[in-house]
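# Close look at the chain arrangement
Below are the chains, spelled out letter by letter.
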Protein chains: 6
Amino acid sequence: MAELVTFGETMLRLSPPRGTRLETEGELDAQVGGAESNVAAAASCLGVDAAWCSKLPANPLGRRVTRALRGHNVTPEVAWDDSDAARLGTYYLEYGADPRETTVVYDRANASITTVDTDELDTEPVADADVFHTTGITPALSDATAETTRDLLDIAAEADTLCSFDLNYRSKLWSQEAAAIAYDSLLSRVDLLFAPRRDAHRILGYDGDAEAVARELVADYELDAVVVTRGADGSLALVDEAIIEEGIYSDETVDAIGTGDAFVGGFLGELLTNGDGALTPEHVETAQAYAAAAAAVKRTITGDVLVSTRAEIESVLADESAGISR
Amino acid sequence: MAELVTFGETMLRLSPPRGTRLETEGELDAQVGGAESNVAAAASCLGVDAAWCSKLPANPLGRRVTRALRGHNVTPEVAWDDSDAARLGTYYLEYGADPRETTVVYDRANASITTVDTDELDTEPVADADVFHTTGITPALSDATAETTRDLLDIAAEADTLCSFDLNYRSKLWSQEAAAIAYDSLLSRVDLLFAPRRDAHRILGYDGDAEAVARELVADYELDAVVVTRGADGSLALVDEAIIEEGIYSDETVDAIGTGDAFVGGFLGELLTNGDGALTPEHVETAQAYAAAAAAVKRTITGDVLVSTRAEIESVLADESAGISR
Amino acid sequence: MAELVTFGETMLRLSPPRGTRLETEGELDAQVGGAESNVAAAASCLGVDAAWCSKLPANPLGRRVTRALRGHNVTPEVAWDDSDAARLGTYYLEYGADPRETTVVYDRANASITTVDTDELDTEPVADADVFHTTGITPALSDATAETTRDLLDIAAEADTLCSFDLNYRSKLWSQEAAAIAYDSLLSRVDLLFAPRRDAHRILGYDGDAEAVARELVADYELDAVVVTRGADGSLALVDEAIIEEGIYSDETVDAIGTGDAFVGGFLGELLTNGDGALTPEHVETAQAYAAAAAAVKRTITGDVLVSTRAEIESVLADESAGISR
Amino acid sequence: MAELVTFGETMLRLSPPRGTRLETEGELDAQVGGAESNVAAAASCLGVDAAWCSKLPANPLGRRVTRALRGHNVTPEVAWDDSDAARLGTYYLEYGADPRETTVVYDRANASITTVDTDELDTEPVADADVFHTTGITPALSDATAETTRDLLDIAAEADTLCSFDLNYRSKLWSQEAAAIAYDSLLSRVDLLFAPRRDAHRILGYDGDAEAVARELVADYELDAVVVTRGADGSLALVDEAIIEEGIYSDETVDAIGTGDAFVGGFLGELLTNGDGALTPEHVETAQAYAAAAAAVKRTITGDVLVSTRAEIESVLADESAGISR
Amino acid sequence: MAELVTFGETMLRLSPPRGTRLETEGELDAQVGGAESNVAAAASCLGVDAAWCSKLPANPLGRRVTRALRGHNVTPEVAWDDSDAARLGTYYLEYGADPRETTVVYDRANASITTVDTDELDTEPVADADVFHTTGITPALSDATAETTRDLLDIAAEADTLCSFDLNYRSKLWSQEAAAIAYDSLLSRVDLLFAPRRDAHRILGYDGDAEAVARELVADYELDAVVVTRGADGSLALVDEAIIEEGIYSDETVDAIGTGDAFVGGFLGELLTNGDGALTPEHVETAQAYAAAAAAVKRTITGDVLVSTRAEIESVLADESAGISR
Amino acid sequence: MAELVTFGETMLRLSPPRGTRLETEGELDAQVGGAESNVAAAASCLGVDAAWCSKLPANPLGRRVTRALRGHNVTPEVAWDDSDAARLGTYYLEYGADPRETTVVYDRANASITTVDTDELDTEPVADADVFHTTGITPALSDATAETTRDLLDIAAEADTLCSFDLNYRSKLWSQEAAAIAYDSLLSRVDLLFAPRRDAHRILGYDGDAEAVARELVADYELDAVVVTRGADGSLALVDEAIIEEGIYSDETVDAIGTGDAFVGGFLGELLTNGDGALTPEHVETAQAYAAAAAAVKRTITGDVLVSTRAEIESVLADESAGISR
Ligand SMILES: [Ca+2]
Ligand SMILES: [Ca+2]
Ligand SMILES: [Ca+2]
Ligand SMILES: [Ca+2]
Ligand SMILES: [Ca+2]
Ligand SMILES: [Ca+2]
Ligand SMILES: [Ca+2]
Ligand SMILES: [Ca+2]
Ligand SMILES: [Ca+2]
Ligand SMILES: [Ca+2]
Ligand SMILES: [Ca+2]
Ligand SMILES: [Ca+2]
Ligand code: NI
Ligand code: NI
Ligand code: NI
Ligand code: NI
Ligand code: NI
Ligand code: NI
Ligand code: NI
Ligand code: NI
Ligand code: NI
Ligand code: NI
Ligand code: NI
Ligand code: NI
Ligand code: NI
Ligand code: NI
Ligand code: NI
Ligand code: NI
Ligand code: NI
Ligand code: NI
């Protein structure tokens, strides 16, 4: 039985080699990626039994997603879309080099998941899990995904499954106003929140420093814990009145996509193993450290997904010379 | 000024290496292809000044199409779609090996071309051309493409541009009934028809042998000429009461996709150069021979598009040992 | 709970591109393969819940095996070897072209599996399964694997799990004499036997035609059923006194490695789904047909492992034009 | 009709992957490149209608050049060399890493362009263009290219086409003495000069700082404008007595080849669009900024040629965080 | 000390993947090849100590040749050209597929070897060798190579080194008339001749069947032995009045380039090892059989050069099922 | 006759592309590498006639090693192992990125060299050489290699061949205690020692700074010279009472594997050419400079082996701007 269940869209990810352009290159590297399955895969690196639920087209591209996720040790729980309109969301990633930015071209409209209905999904794993996690991307995809997100959070809550959420605001998917309304409705269902400080500011209107934001979020939505992330400045958690800060590794970046998901997956992975799933200050502090190390390792790997082991994450944590800046 | 203008959808084509599967392979070969631009490119190999008009997303993938077609010496005349919904149609090609069939997975719904409007296009090249060519794929894409197809055929007819059409029935795009109605309305606007015998039979209900089909099509739609294609049995043309038959080359097949388009492009390419664009039996006979050679060379090349030269096509025609089966 | 459990060695498989040589080529394609996991993967393509048990080095190469098998929808049940001597068996495959033969260079001595002990393995899945399958390769690897093979067959038998076995004689692993002794001891534990006619002849001394061989094997070892395979001449099964013959597809061969395993996997895959696991003549006939189709599709794919779906296998079965030679 | 016409040699460029050596690597990346076609391609990224004239072998390698340039939206105006001696100049590029330098091996002697004659070329596009551009590489190739360079500058001058020239001294092609004589004769025909300060110093003997060099060049050759480039120190332009300085982006370098050409192409691209082709201080200042941004983007791309868009160049210009050092 | 010394040009060989075209493909496979070094490499596969002498540019491309040949176990004896004009001959190979022919584009004019002088070479290995071999390609390259060819044959003759020669007429290098004059002058210096029947007919005017041609060649030029090759019809040798015929293997062809060189190398390789270098009918018969097998194996390998071993060649000879057609 | 002979193991080296993982990547780059053949190859870049002796499996992988080393201009003197147990040692290299470390997975147990016997080797080249070199890796492989190492050092000493040794302690191969005993026994046979300071400290117990360590080593083992290496702090040599210090180049690192071997090879390469093999302070100083430059160039190249030329090494030495930090 899965300890962690996530819900969201996983896309085909296509990218030309570094230094070449989408307009001209003849060879694309093909992988799959999506915030919620990235989180599940990262957590499974730490030994968590992880599952991901979604809706996929019943074609080779949909099966590619389930094959890839199984390979990453994530159990797919999928509603198969065999309609004529079935399609897999796709995104194209072009690696940048300063001053040319890394570019993402999304081609995800009308993906099969946008028609998902709670009735199509097997919701038992959600109820049986220790943690259910999704992100702000999922409700942004369609009315159907928004409704299913709410349903699954309700099912989780009812079953005493801890509800975890990452704001993950994506401006290409919806307006700040629409996001604000949706977040406000969803956060009351959430127990553990990952909040990029920029999203908390831009979308939810929290203006203070990370600590202030954390305190207000916990107060406003009765959260068990919040982790405010602030890029190069590391993360700040608030749990049981305790403030815990963690730096980031000054690492090399091979591929930044998925770093935030590896952070969340590392956090949940440690929380659900050594942390017993309990949001105590002590466990959160450890989970935050694993999260930072998982994120740092992810940045060294091409692809959305962390491919690592607990031993490797812990060797990064142990290696003083690896140079974390706290 | 372009001698040949074609109109239709061009897609991104993604394929894993031979012997590997879409479900698992990490590297996809990326090209572009579409029946009507394939025809333009093949004709340009024979020296024709060729253009292609369409609607494309104003993003790197859309620009990839124009770059690729210019590289194939086809002038793109494009309406750029900068809406949020802009997208490029895509298809995935998996090479088969007996008894596993070559598979195509289409992901072309809602491509930018499905919203094309005649007013968005520069129609002068159509009016100025010697030949305007499109296929049965284009009106199948959407009501908008169907209407624009009719408009462009009308503009061409009014300007004394020869109207060329390839039935090209695609069952994944529309029903036989819908196609029959559309074909019936369009064929009255057509001067030169390329008709796969199977399509003439299945969709238009012509039951006889190729010659009978040809005679009925010419009679029913007042065509100047028709070329009925019948796979391994070669082609049969009817023009000015003359019946002309041409075999096919018993060639090796590296990639069969686009063979029919190379046939049409080879035909139009020869017709518009040495044939002066005149549909006489003599010119049609020569054009048919070039068409068969162009198709045979295409089969030896990976990709939708014929990359060749007049000299190469003619060396195939001249080489008795190449073994055409008539 | 797995319906099918297999036991055996899975190796890293490294091969240079076709037409290049192991002595010179700079790029090797890396996959994993082994007879018993190949069978499990092929069966899972038909919808069977399949597992594979073995012993692997606790290093990235060992984890590569479990990742790859999970991707093929096979559940690994693995004893991890963290000793200093832990290693993954490896083989190098060089594709031939007539008259140069395909060559395999094995580097599998002292692989972790050669030290396996039944006590290290979780044997519950074997007892809970409907079918347990292994091959003549496994006992050939070491005394330890031979003993564990016997133990697992005993555990299966005791639990009423059907015991399936493929002779699969490998001359590079042991002598004919050693194999004969081992086979003789193991076959009394077997219910369903896959016997290449050449192995039955060379090793076990059965001299007649396939039918005679089948009848003697069933009689001598009290088998429920036997399937004698004879290369291009197809297979012959004997079950409940009924003789069932099946041809092979005259297919293209992209990669012949693993064809026999796909045959067995296809057989078991159909037997365990529509066949209810019952060795009746009717079910065996159907299973044999699926086996032939699965083998034919495997030959079109690079790698040891069948990557396919029930729908694809059935489309091959349904397509008369695919040209099976019976 | 082309607004910009350039004249010069375009070569086949072959390079092994980074970190590998020309002496050993089995796979070469093949592209085309040449200073003058690089300039045309960069200008076309900003919306200029650009052409390039030259002489090429009438073989697949020559056609590769025209295909590639059309793909980069540059119209080739080519004299085809079908003599037995026809050949395409080639160069091999090996990427360095400190302290091993990037190495270029030229194999360009006796390329078809070295036999070019003005009579072979269609000179109308030169006369019809707004700007004609060539570089000090072209006259260095052969007596024939030197004479044709003079002819085309004369044709341009007569037709009031602005004559643009980049000194681009290449020590492997000719001596400093020979270059000095040629430059002296050509510069009197030039209106707009791009002068690397090192070339102005070494070849033409101008010893002062960039501003002094600029003033002397304008005075000595009655130039409309000069842009002195000085590597990491940016560029300095003199036009209508105004001195304009521009820095460079402290960017990442993926491939430095072609950076100077992207600078010139960016300059001419902006000058010929928003700048109306008029060499005013205001337009030169803007053109110089676009030039710096185009050069910076080029450095991030593998290959001689800038593959970009006006929108991308302008986003670099707009992004303060991209960190230009002025 | 080398038993076999060959003399000739070795070029860089560049080819796009099968099914792609030189006009468009972005990745070229780079190898080296030349008739005389191909022969030396093939002979070394059979255990002969082989050397190759030539002149090469003193640059990375020239060093690539010596590195590659050493890798093939051929000792390079090279005059290094450090002049400004030094260059390596190059050829581009595009794989065909019926009816499109395999195409070779040569770019070999003015290669360093065309300026070779006997004085630059170390001729001791020629005098010390058992066999000196060159082909009709070498004297066709330039007056200098023709003169050096004569010199080396004279040096070999004087030193009782057996002189071996392959007519190898190349129409792209010289006229039939020029070749005829050169052959006539060189053949009087030759002991062992390999004569493609077509060359003997076209250039030297011998009109009869292979046996007649062989008899006339031996008579006219006082040869010790001649091997007439006739494509699919195999070879016919004449030695000491004995006629020996050998068939060819009906093999798969991966790459036909270099097949004839592997034939000669296989012949000389066997002759110089088990054959003691003695041109007796018995040894010639065996050598001819090894030659056919070496040629058959070469056809299965991408590249000019046979990469094989005596054991592999002999396994082909031994395998009746490999199906030689005699 | 070889001036330098080395003795040791050379392995197959397999590595996935940067940023990808051994657990998942489908394409491995294959090369060969081993400390002692790396040294021979680096020395040969400077013009030394270098040989390497070892024992290899008589299969394609063993032949791959000899082919590769010949390509690097190193003469293999090999005992071929045709036993059933013959195997080539293998190692897998995964490139790291901070904070994830570069990882090596060894699979070298029971390689053919571990059974080497002095009687199997041709020891004449050792006796005839100017320098014999091996490292602390070789005696660590097995009792047999330890004994053969002693034998060869004795043969060299008797023949007045200079004995060179690099401590090269590898913790994965043996304990510090075992190494200490072996080193102590071997060093009395050594003339020239390369001693990483860390190894001298950890294994041999020398605690002072580099100079102190050097003085003690020379005293304790009557060395002619010692070179103590200390990573980023450069090297310190002691010869004839003279202390010579050399810095390192602050270079880019493409691949650090083999850097130390390139240092030793560069040292010996210069010593054996311009240095006449004489360990004078003057020659050691020059050799140390070449060693540093060779190491710096190696770091810029993918693979264990330095691929370079004397000219390139000297251009690095000459280029002040290359920025050596002394
Ligand atoms: Ca490719
Ligand atoms: Ca490519
Ligand atoms: Ca891949
Ligand atoms: Ca490689
Ligand atoms: Ca290669
Ligand atoms: Ca490669
Ligand atoms: Ca490429
Ligand atoms: Ca490729
Ligand atoms: Ca590539
Ligand atoms: Ca791959
Ligand atoms: Ca690959
Ligand atoms: Ca790859
Ligand atoms: Ni490419
Ligand atoms: Ni490509
Ligand atoms: Ni590429
Ligand atoms: Ni590649
Ligand atoms: Ni692959
Ligand atoms: Ni792959
Ligand atoms: Ni690749
Ligand atoms: Ni691949
Ligand atoms: Ni290769
Ligand atoms: Ni390769
Ligand atoms: Ni390759
Ligand atoms: Ni390579
Ligand atoms: Ni390679
Ligand atoms: Ni590669
Ligand atoms: Ni390609
Ligand atoms: Ni490519
Ligand atoms: Ni990959
Ligand atoms: Ni890959």
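Residues numbered from 1 in each chain as written. Chains lettered and ligands numbered in written order. Predicted model: local features only at pLDDT ≥ 70, side-chain atom pairs only at ≥ 80, totals over all residues. Heavy atoms only, no water.

## Remarks on the interface of chain B and chain C
Each side of the interface is counted separately: chain B has 10 residues, and chain C has 17 residues. The junction of chain B with chain C conceals about 1100 Å² of combined surface from both sides, 56% of it contributed by carbon and sulfur atoms. Contact with chain C buries area across many residues of chain B, yet R21, D98 and P99 of chain B alone supply 49% of it, more than any other trio. Joining chain B to chain C, the criterion identifies one salt bridge. Note that E312 of chain C and R21 of chain B form a salt bridge whose closest N and O atoms lie 2.6 Å from each other. (Contact = heavy atoms within 4.5 Å. Buried area = accessible area lost by both parts, 1.4 Å probe. Salt bridge = Lys/Arg side-chain N within 4 Å of Asp/Glu carboxyl O.)

## Let's talk about the coordination of the calcium ion (ligand 8)
Geometry reference: four tetrahedral donors at a metal, ideal angle 109.5 degrees. Six octahedral donors, ideal angles 90 or 180 degrees. Coordination of the calcium ion (ligand 8) by the protein involves E27 of chain A (OE) and E27 of chain E (OE), with metal-donor separations of 2.1 to 2.6 Å. Here the calcium ion (ligand 8) and the calcium ion (ligand 1) are spaced 3.2 Å apart, and both take E27 of chain A as a donor. Remark: E27 of chain E occurs in strand β3 (residues 27-33) and E27 of chain A occurs in strand β3 (residues 27-33); the pair is interchain, linking two chains. Here E27 of chain E falls in the partly exposed class, since its relative accessible area comes to 29%. (Donors = N, O, S within 2.8 Å, 3.2 Å for Na, K, Ca; no water. Helix = DSSP H or I, 4+ residues; strand = E, 2+ residues; numbered from the N terminus. Buried < 20%, exposed > 50% of the residue type's maximum accessible area, 1.4 Å probe, protein only.)

## A look at the relation of the copies chain B and chain C
Once chain B has been moved 0.1 Å along the axis and rotated by 120°, it coincides with chain C to within an RMSD of 0.0 Å. The transformation just described matches what one would write down for a three-fold rotation axis. (Least-squares fit on C-alpha atoms with pLDDT ≥ 70 in both.)

## What about the interface of chain A and chain B?
In this assembly, 24 residues from chain A lie in contact with 24 residues from chain B. Around 2200 Å² of area is buried between chain A and chain B when both sides are counted, 50% of it from carbon and sulfur atoms. When the buried surface of chain A facing chain B is broken down by residue, E23, L28 and R64 of chain A rank first, second and third, together holding 27% of it. Inspection of the chain A/chain B interface yields six salt bridges. A salt bridge links E23 of chain B to R67 of chain A; its shortest N-O distance comes to 2.9 Å. Summed over the shared surface of chain A and chain B, the number is 13 residue pairs in polar contact (both at pLDDT 80 or more). At the level of secondary structure, the elements contributing two or more residues to the side of chain A that touches chain B comprise β2 (11-15), β3, α2 (60-71), β6 (90-94) and β7 (103-107) of chain A. Of the residues forming the side of chain A that touches chain B, the biggest block, five residues, is contributed by α2 of chain A. (Polar contact = N/O pair within 3.5 Å; in protein donor to acceptor, adjacent residues only side chain to side chain.)

## Considering the confidence of the model for chain A
For chain A, mean pLDDT is 96; residues scoring 70 or higher make up 98% of the total. Reported confidences for the modelled complex are a pTM of 0.94 and an ipTM of 0.94. (pLDDT = per-residue confidence, 0-100.)

## Digging into the relation of the copies chain A and chain B
Once chain A has been moved 0.0 Å along the axis and rotated by 180°, it coincides with chain B to within an RMSD of 0.0 Å. Such a turn and shift between the copies fits a two-fold axis. Distance from the rotation axis, computed per C-alpha, reaches its smallest value in chain A at L28 of chain A: 2.6 Å. Interface overlap between copies: 100% of the residues of chain A at the interface are likewise at the interface in chain B, consistent with a symmetric, same-surface contact.

## Observations concerning helix α11 (residues 310-318) of chain D
Side chains of residues three or four places apart in an α-helix project in the same direction, reflecting 3.6 residues per turn. All of the buried residues along α11 of chain D are R310, E312, I313 and V316 of chain D. Residues of α11 of chain D that are buried sit in contact with α1 (35-45), β14 (248-249), α9 (259-272) and α10 (281-298) of chain D.

## Quick notes on the sheet that holds strand β1 (residues 4-7) of chain A
Residues and elements named next belong to chain A. Pairing in this open sheet of nine strands is mixed, and the strands run β5-β4-β1-β8-β9-β10-β11-β12-β13 from one edge to the other. The open sheet has two edge strands, β5 (74-81) and β13 (242-246), and neither has a second partner. The average undirected angle you get between the axes of adjacent strands in this sheet is 20°. Bridging between β1 and strand β4 (residues 50-57) involves four bridges; their strand directions are parallel. Opposite F7, over in β4, you have C53 as the bridge partner. Against the sheet, helix α9 (residues 259-272) contacts β1, β8 (131-135), β9 (162-166), β10 (192-196), β11 (225-229) and β12 (235-239), and its axis sits at roughly 155° relative to β10. (Pairing = 2+ DSSP bridges. Axes fitted to C-alpha atoms, helices over the stretch in contact; angles between N-to-C directions.)

## Some remarks on the pattern of salt bridges
According to the stated counting rule, one finds 102 salt bridges over all chains in the structure shown. Overlapping salt bridges, with partners in common, bring together R21, E94 and R100 of chain A together with E312 of chain D in one network.

## Quick word on the packing of aromatic side chains
Counted under the stated rule, the structure contains 24 aromatic pairs over all chains. Taking 6.2 Å as the distance between ring centres and 80° as the angle between the ring planes, the aromatic pair formed by F165 of chain B and Y183 of chain B counts as edge-to-face. Highlighted residues: F165 of chain B in strand β9 (residues 162-166) and Y183 of chain B in helix α6 (residues 176-187), separated in sequence by 18 residues. Grouping residues by exposure puts F165 of chain B and Y183 of chain B together as buried. Cluster of aromatic residues (ring-pair linked, three or more members): F165, W174 and Y183 of chain A. Above the face of the Y95 of chain C ring, R18 of chain C is positioned so that its terminal group lies 3.9 Å from the ring centre. (Phe/Tyr/Trp six-rings, centres within 6.5 Å; stacked < 30°, edge-to-face > 60°. Lys NZ or Arg CZ within 6 Å of the ring centre and 35° of its normal.)

## Quick notes on empty space enclosed by the protein
All names here are of chain F. If you walk through the whole model with that rule in mind, you get seven cavities of 30 Å³ or more. Computed from the structure, the largest cavity encloses a volume of approximately 50 Å³. Around the largest cavity, the lining comprises 13 residues; the ones closest to its centre are T10, K55, L56, L88 and I113. Partitioning the lining of the largest cavity into residue classes produces six nonpolar, four polar and three charged. (1 Å grid on protein atoms, 1.4 Å probe; cavity = no way out; pocket = protein on both sides within 12 Å on 5 of 7 lines; lining within 4 Å. Points joined across faces, edges and corners; volume = space filled by probe spheres on them. Nonpolar A, V, L, I, M, F, W, Y, C, P; charged D, E, K, R; others polar.)

## Remarks on the pairing of β10 of chain A
Looking along a regular strand, one sees the side chains alternate between the two faces of the sheet. Residue and element names in this part refer to chain A. For β10, a buried count of five out of five residues is recorded, marking the element as mostly surrounded by other parts of the structure. Burial of β10 is two-sided: the residues L192, F194 and P196 facing one way and the residues L193 and A195 facing the other way are all buried. Pairing geometry for β9 and β10, over three bridges, is parallel. Each residue of the ladder has a partner; that of D166, found in β10, is F194. Each parallel crossover has a hand, and for β9 linked through helix α6 (residues 176-187) to β10 it is right-handed. Strand direction decides the pairing type here: β10 and β11, joined by five bridges, are parallel. Bridge pairing links L193 to V226 in β11. (Right-handed = clockwise from strand over helix to strand, strands pointing away.)

## Regarding the environment of A195 of chain B
Residues and elements named next belong to chain B. Looking at the secondary structure, you find A195 in strand β10 (residues 192-196). Through-space distance from the C-alpha of A195 to that of C53 is 23 Å; in sequence the pair is 142 residues apart. Once residues within four sequence positions are removed from consideration, A195 is found in contact with L167, L217, V226, V227, V228 and T229.

## Things to note about the nonpolar core
Counting residues in hydrophobic clusters, the biggest one holds 87 residues, and the most contacted among them are F267 of chain A together with F267 of chain B. Beyond its immediate chain neighbours, meaning those up to four positions away, F267 of chain A contacts L192, F194, V227, V284, A287, Q288 and A291 of chain A. (Core = buried A, V, L, I, M, F, W, Y, C linked by side-chain atoms within 4.5 Å.)

## With respect to the sheet that holds strand β3 (residues 27-33) of chain D
The sheet built from eight strands is open, its strands ordered β7(D)-β6(D)-β2(D)-β3(D)-β3(E)-β2(E)-β6(E)-β7(E) with mixed pairing. The open sheet terminates on both sides in strands that have one partner only, identified here as β7 (103-107) of chain D together with β7 (103-107) of chain E. Between one strand axis and the next, the sheet turns through 30° on average, direction left out of account. Across five bridges, strand β2 (residues 11-15) of chain D lies against β3 of chain D in antiparallel orientation.

## What about the UniProt feature "domain: Carbohydrate kinase PfkB" (unreviewed entry) in chain A?
Those places that UniProt annotates as "domain: Carbohydrate kinase PfkB" (unreviewed entry) correspond, in this numbering, to residues 1-301 of chain A. For residues 1-301 of chain A, helix accounts for 37% and strand for 25%, while the C-alpha atoms at its two ends are 29 Å apart. (UniProt positions renumbered as here; feature names shortened; annotations may be inferred.)

## Topic: the pairing of strand β5 (residues 74-81) of chain E
Residues and elements named next belong to chain E. Sheet topology places strand β4 (residues 50-57) next to β5; eight bridges connect them, and they run parallel. Counterpart to P57 in the pairing with β5 is D81. The handedness of the β4 to β5 crossover, carried by helix α2 (residues 60-71), is right-handed.

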